[in-house]
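The residues making up each chain are set out below.
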Amino acid sequence: MASEQERRDPQKRQELDAKARQGETVVPGGTGGKSLEAQEHLAEGRQRGGETRKEQLGHEGYQEIGHRGGETRKEQIGHEGYHEMGKKGGLSTKDKSGGERAAEEGIPIDESKYKTRTP
């Protein structure tokens with residue numbers, strides 16, 4: 001995913017737009033956008049939507065929703081899946097996703113353990 005600074009460079013924007021038009025997500029939160037600009041707009045709208053909901057519910061209400069979502073996910077994928085997903089998430093940095101770091105460092109991540117399965 002491209003950083004905000006990278007997206008300011010006109011040449012880099014062209015490269016990112018080409019990737020986006022091939023179906024790659026290049027903007028965090030821009031999943032589904034068919035161009036760089038579309039992904040930027042989607043990400044901005046999703047961010048604003050989340051902020052609006054947070055204001056409606058207040059801090060504690062928003063925290064409770066997040067907690068419930070986490071518990072539901074934990075029930076869906078089980079202890080082992082939740083552990084594996086956390087391992088990948090723990091590897092993520094500002095510059096690289098957990099999957100990218102795992103691949104670079106040769107750390108095995110079994111994604112099948114946390115793909116949704118029915119009980």
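Shown above is the structure to which this text applies.
Undergrad: Describe the overall build of the protein chain, listing the residues and the values that go with them.
TA: Along its length, the protein chain carries 3 helices and 0 strands. Along the protein chain, helices and strands appear, N-terminal first, in the series α-α-α. A compact globule built from 119 residues should have a C-alpha radius of gyration of about 14 Å, whereas the protein chain, at 17 Å, is more than 25% larger. Overall, the C-alpha framework of the protein chain stretches about 45 × 45 × 25 Å when taken along its three principal axes. Out of the 119 residues in the protein chain, the part that is buried amounts to 18%. Entry remark: accessible area of the protein chain is about 8700 Å², with carbon and sulfur atoms responsible for 48%. Side-chain charges of the protein chain comprise 22 positive and 23 negative groups, with the mean position of each set lying 2 Å from the other.

Undergrad: Just give me the short version of the packing of helix 1 (residues 10-21) against helix 2 (residues 36-91), but keep the residues and values in it.
TA: One can describe the packing of helix 1 onto helix 2 by two numbers: an axis separation of 8 Å at closest approach and a directional angle of 85°. With respect to each other, helix 1 and helix 2 are oriented roughly perpendicular. Seen from helix 1, the contacting residues are R13, L16, D17 and A20; seen from helix 2, they are L36, Q39 and E40. When its residues are assigned to classes, the contact of helix 1 with helix 2 shows 3 nonpolar, 1 polar and 3 charged.

Undergrad: Could you give me a rundown of a nonpolar patch on the surface, with the residues and numbers involved?
TA: A grouping of L57, Y62 and I65 is seen on the molecular surface, where their side chains present a nonpolar patch of about 220 Å² in accessible area. Judged by its relative accessible area of 30%, L57 is partly exposed.

Undergrad: Quick one: what's the story with the side chain of E84, residue by residue and with numbers?
TA: The residue E84 is located in helix 2 in this model. Overall, E84 belongs to the buried group, its relative accessible area being 5%. If sequence neighbours within four positions are ignored, E84 has contacts with P108, I109, D110, K113 and Y114.

Undergrad: Go over the nonpolar core, please, and point to the residues and values.
TA: Grouped together as the largest cluster of nonpolar side chains are 7 residues: A2, L16, A20, V26, V27, L36 and A43. Among the secondary structure elements, those contributing two or more residues to this core are helix 1 and helix 2. If we ignore the near neighbours within four places in the chain, the residues touching A20 are V26, G33, K34, S35, L36 and Q39.

Undergrad: So what's going on with the pattern of salt bridges? Residues and values would help.
TA: For the structure shown, the criterion picks out 12 salt bridges. Of the charged contacts in the structure, one is a salt bridge between E40 and R13, with a shortest N-O distance of 3.0 Å. Here E40 is found in helix 2, whereas its partner R13 is found in helix 1, with 27 residues between them in sequence. When its relative accessible area of 21% is taken as the criterion, E40 is described as partly exposed.

Undergrad: Go over the side chain of R7 with me, naming the residues and quoting the values.
TA: With respect to the element layout, R7 can be found in the segment before helix 1. Residue class for R7 comes out buried when judged on its relative accessible area of 14%. Within the local environment of R7, its side chain forms a polar contact with the backbone oxygen of A2, the two atoms lying 3.0 Å apart. Dropping the residues within four chain positions of it, R7 is found in contact with A2, R13, L16, V27, P28, L36 and E40.

Rules used throughout
Residues numbered from 1 in each chain as written. Predicted model: local features only at pLDDT ≥ 70, side-chain atom pairs only at ≥ 80, totals over all residues. Heavy atoms only, no water. Helix = DSSP H or I, 4+ residues; strand = E, 2+ residues; numbered from the N terminus. Rg over C-alpha atoms; globule rule 2.2 N^0.38 Å. Buried < 20%, exposed > 50% of the residue type's maximum accessible area, 1.4 Å probe, protein only. Areas by Shrake-Rupley, 256 points an atom, 1.4 Å probe, with all protein chains shown as cover. Lys, Arg positive; Asp, Glu negative; His and termini not counted. Charge placed at Lys NZ, Arg CZ, Asp CG, Glu CD. Axes fitted to C-alpha atoms, helices over the stretch in contact; angles between N-to-C directions. Parallel < 35°, antiparallel > 145°, perpendicular 65-115°, else oblique. Contact = heavy atoms within 4.5 Å. Nonpolar A, V, L, I, M, F, W, Y, C, P; charged D, E, K, R; others polar. Patch = residues over 30% accessible without salt bridge, like charges linked within 9 Å, V, L, I, M, F, W, Y side chains within 5 Å. Salt bridge = Lys/Arg side-chain N within 4 Å of Asp/Glu carboxyl O. Core = buried A, V, L, I, M, F, W, Y, C linked by side-chain atoms within 4.5 Å. Polar contact = N/O pair within 3.5 Å; in protein donor to acceptor, adjacent residues only side chain to side chain.

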